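# Examining the three-dimensional arrangement
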Amino acid sequence: FTQRLKISLFTLEDADFVLDILNQPSFIGNIGDRQVRTLQDARDYIQNKFLAVYQARQFTMWRVSLKDSDQVIGMCGLLK
């Protein structure tokens, strides 16, 4: 936590945000196309890439939100 931000695990309820961010031209151009095209793809991605990795290794991509509103504004984390 910071004064304005909260960092937490993603949940399946964050599928809208994940779908949007993974399909941003800047994400695709700088990081890569993850082939996530539907809300179900996004839920699967959260489950298989974020949550499963956390369970196995205790590191993952984290959900960054505004503390006051819980609005998701980004993600951060470590990748192997």
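Below, the structure is looked at part by part.

Scoring rules and cut-offs
- Residue positions are given per chain, counting from 1 as you read along its sequence in written order.
- For this predicted model, a pLDDT threshold of at least 70 governs which residues receive local features, and a threshold of 80 or more governs which side-chain atom pairs are given and counted, while totals over whole chains, interfaces and linings are taken from all residues.
- Derived side-chain values reflect all non-hydrogen atoms in the structure, with water molecules and hydrogen atoms excluded from consideration.
- When DSSP finds at least two bridges between two strands, those strands are taken to pair.
- Helix and strand definitions follow DSSP, with helices as H or I runs of at least four residues and strands as E runs of at least two, each counted in order from the N terminus.
- Axis definition: a line fitted to C-alpha atoms, over the contacting stretch in the case of helices. Angles run 0 to 180 degrees between N-to-C directions.
- A helix's residues, less one, multiplied by 1.5 Å, set its expected span.
- The reported bend at a residue is simply the angle between two axes, fitted to the 7 residues ending at it and to the 7 residues beginning with it.
- For the exposure calls, accessible area comes from a 1.4 Å probe over protein chains only, and a residue counts as buried if that area is under 20% of its type's maximum, exposed if over 50%, partly exposed in between.
- The criterion used for residue contact is that any of the two residues' heavy atoms lie within 4.5 Å.
- Only buried Ala, Val, Leu, Ile, Met, Phe, Trp, Tyr and Cys residues count toward a nonpolar core, and they belong to the same one when joined by side-chain atoms within 4.5 Å.

Moving on to the sheet that holds strand 3 (residues 72–77). Pairing is antiparallel in the open sheet, where three strands are placed in the order 1-2-3. Only two strands of the sheet have a single neighbouring strand rather than two, namely strand 1 (5–8) and strand 3. Looking at each pair of strands side by side, their axes are set apart by 30° on average, direction ignored. As judged from the four bridges shared by strand 1 and strand 2 (residues 61–66), these two strands associate in the antiparallel manner. When the bridges of strand 2 are listed, Lys 6 appears paired with Ser 65.

To continue, consider helix 3 (residues 39–57). The terminal C-alpha atoms of helix 3, which comprises 19 residues, lie 26 Å apart, in line with the 27 Å expected from a rise of 1.5 Å per residue. At Leu 51, helix 3 is deflected by roughly 30°, the largest bend along its length. Buried residues of helix 3: Ala 42, Tyr 45, Ile 46, Phe 50 and Leu 51, and no others. Turning to helix 3, the residues buried within the fold contact helix 1 (15–22), strand 2 and strand 3. Gln 58, located one to two residues past helix 3, shows a positive phi value of around 65°.

For the rest of this paragraph, the subject is the environment of Met 61. Within the fold, Met 61 resides in strand 2. Take Met 61: its relative accessible area is 13%, and that puts it in the buried class. For the pair Met 61 and Leu 78, spaced 17 residues apart in the sequence, the C-alpha separation amounts to 6.4 Å. Residue contacts for Met 61: discarding those within four places in its chain leaves Phe 10, Phe 50, Met 75, Cys 76, Gly 77, Leu 78 and Leu 79.

Take the nonpolar core next. Counting residues in hydrophobic clusters, the biggest one holds 17 residues, and the most contacted among them are Phe 10, Val 18, Leu 22, Ile 46, Phe 50 and Met 75. Sorting the residues of this core by element identifies helix 1, helix 3 and strand 3 as the ones contributing at least two each. For this core, the element with the highest residue contribution is helix 1, accounting for six residues. If sequence neighbours within four positions are ignored, Phe 10 has contacts with Phe 17, Val 18, Ile 46, Phe 50, Leu 51, Met 61, Trp 62, Arg 63, Gly 74 and Met 75.

Note on placement: Val 72 falls in strand 3. In this structure the C-alpha to C-alpha distance between Val 72 and Val 18, which are 54 residues apart in sequence, comes to 9.8 Å. Setting aside chain neighbours within four positions, we find Val 72 in contact with Asp 14, Phe 17, Arg 63, Val 64 and Ser 65.

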